[in-house]
Amino acid sequence: MIESSLFYWILIPTAAIGGFLRGFAGFGGPLFMIPILSLFLPPAITIGVMMWVDLFGNVRLLPDARADSARAVVVPLAIGTAIGMPLGVQVLLTLEPLLMKKIVCGSILAAAAVLMSGWRYRRPVSTALYGGIGTASGFIMGATSIAALTPLFLSAGNHTAAQNRANFIVWVFLATVLLLVLLALHDTLTAGNAVMIAVLTLPYLAGIVVGSRLQRSAADATVRRTVLALIVVTATIGLIF
């Protein structure tokens, strides 16, 4: 168990910053926190703690996101995820996850670079395409715990940053619940220390509140750049580690 002083001085501020990113961009909290938490906690406990903390944080975001989210986007994404995620979890349990993680991160990094150049997907997005993205996202999330493909795809479209943020918040809540259930069924889920989850959730929620308030007054371009920057950082970290 880590020393209490180290816990309070490093992990709690980390949770607050992660919550701010989650509230502002709609995602990115776990991407920021997991590398730091893993310096002090075993990998299984790190993932378990982070998933529960983010799930509680996502519950805080859901009421605001519902107004801007669209069923035409979220429903096919969720259906596709339900198809792809069990396959991804099987890959996680049977194949070499590190190699696949690096392949996925390299692909995401290349796609993010294209979007940063200013390219957008201008055509109308069909229900089938949303379902396909959901299937791919669910597979990748199940196999690597990376949830960056969906915000990357949403950022390529013509919806506003607020709509993309809301759609991702609703989708990732459903995807996280499904992943928790699948991991529990395979007896691979470690919930971690309940006290640690409770203590980290409080500053995480506080950061979410601040980030959400700033997001309301931020320009679309600022939010899009933040999302893409988080994706680039995440993919780069995945390639290195």
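Conventions we followed
- Residues numbered from 1 in each chain as written.
- Predicted model: local features only at pLDDT ≥ 70, side-chain atom pairs only at ≥ 80, totals over all residues.
- Heavy atoms only, no water.
- Helix = DSSP H or I, 4+ residues; strand = E, 2+ residues; numbered from the N terminus.
- Buried < 20%, exposed > 50% of the residue type's maximum accessible area, 1.4 Å probe, protein only.
- Contact = heavy atoms within 4.5 Å.
- Areas by Shrake-Rupley, 256 points an atom, 1.4 Å probe, with all protein chains shown as cover.
- Arc of directions from axis to C-beta.
- Salt bridge = Lys/Arg side-chain N within 4 Å of Asp/Glu carboxyl O.
- Core = buried A, V, L, I, M, F, W, Y, C linked by side-chain atoms within 4.5 Å.
- Axes fitted to C-alpha atoms, helices over the stretch in contact; angles between N-to-C directions.
- Parallel < 35°, antiparallel > 145°, perpendicular 65-115°, else oblique.
- Left-handed = near helix turned anticlockwise from the far one by under 90°.
- pLDDT = per-residue confidence, 0-100.
- Phe/Tyr/Trp six-rings, centres within 6.5 Å; stacked < 30°, edge-to-face > 60°.

Topic: the overall build of the chain
- Within the chain, the secondary structure is distributed over ten helices and zero strands.
- Helices and strands in the chain line up, N terminus first, as α-α-α-α-α-α-α-α-α-α.
- Here the chain holds 241 residues, and 46% of them are scored as buried.
- Restricting to contacts in the chain with at least 6 residues of sequence separation, those with at least 24 account for 86%.
- When the accessible surface of the chain is summed, it comes to about 11,200 Å², and 71% of that surface belongs to carbon and sulfur atoms.

Concerning the side chain of Thr81
- Residue placement: Thr81 occurs in helix H4 (residues 71–94).
- The class of Thr81 is buried, set by a relative accessible area of 2%.
- Beyond its immediate sequence surroundings of up to four residues, Thr81 is in contact with Pro86, Gly134, Thr135, Gly138, Trp171, Ala175 and Leu178.

Re helix H2 (residues 29–37)
- Regarding H2, the residues found buried are Gly29, Pro30, Met33 and Leu37. For H2, the angular spread of the buried residues around the axis is 75°, confining them to a single face.

Let's talk about the pattern of salt bridges
- Across all of its chains, the model carries three salt bridges by this definition.
- Between Arg22 and Asp54 there is a salt bridge, with the nearest N and O atoms lying 2.8 Å from each other. Taken as a pair, Arg22 in helix H1 (residues 4–25) and Asp54 in helix H3 (residues 43–68) lie far apart in primary sequence, 32 residues in all. Taken individually, Arg22 and Asp54 each receive the classification buried, so the pair is uniform in this respect.

Comments concerning the environment of Leu99
- As for its placement among the helices and strands, Leu99 is situated in helix H5 (residues 97–116).
- Through-space distance from the C-alpha of Leu99 to that of Leu239 is 9.5 Å; in sequence the pair is 140 residues apart.

Comments concerning the nonpolar core
- Grouped together as the largest cluster of nonpolar side chains are 40 residues, with contacts concentrated most on Ile108, Met141, Trp171 and Ile231.
- Put simply, the parts of the chain that give this core at least two residues each are H1, H3, H4, H5, helix H6 (127–144), helix H7 (149–156), helix H8 (161–185) and helix H10 (220–240).
- In terms of residue count, the dominant contributor to this core is H8 (nine residues).
- Those residues within four positions of Trp171 in sequence are excluded, and the remaining contacts are Val74, Leu77, Ala78, Thr81, Ser137, Met141, Ala147 and Thr150.
- Val49, Leu62, Ala65 and Ile169 belong to the second-largest nonpolar core, a separate cluster that totals 20 residues.

Points about the packing of H6 against H8
- In the contact formed by H6 and H8, the axes pass within 11 Å of each other and the chain directions differ by 45°. One finds that H6 runs oblique with respect to H8. Crossing hand, H6 versus H8: right-handed. Of H8, the residues touching H6 (which contributes Ser137, Met141 and Gly142) are Trp171, Val172, Ala175, Thr176 and Leu179.

Some thoughts on the confidence of the model for the chain
- The pLDDT averaged across the chain works out to 83; a share of 90% of its residues lies at or above 70.
- Ranking the elements of the chain by mean pLDDT puts H5 last, at 73, and H4 first, at 92.

Re the packing of aromatic side chains
- This model, assessed by the stated rule, comprises four aromatic pairs.
- For the pair Trp52 and Phe56, a centre-to-centre distance of 6.2 Å together with 35° between the ring planes defines the contact as tilted. Here the residue Trp52 and the residue Phe56 both occupy positions in helix H3, the gap between them amounting to four residues, near one helical turn.
- Seen from their ring centres, Phe168 and Trp171 are 5.6 Å apart, and the 45° between their planes marks the pair as tilted. With Phe168 and Trp171 both in helix H8, this residue pair falls three residues apart, about one helical turn.
- For Trp171, a relative accessible area of 1% puts it in the buried group.

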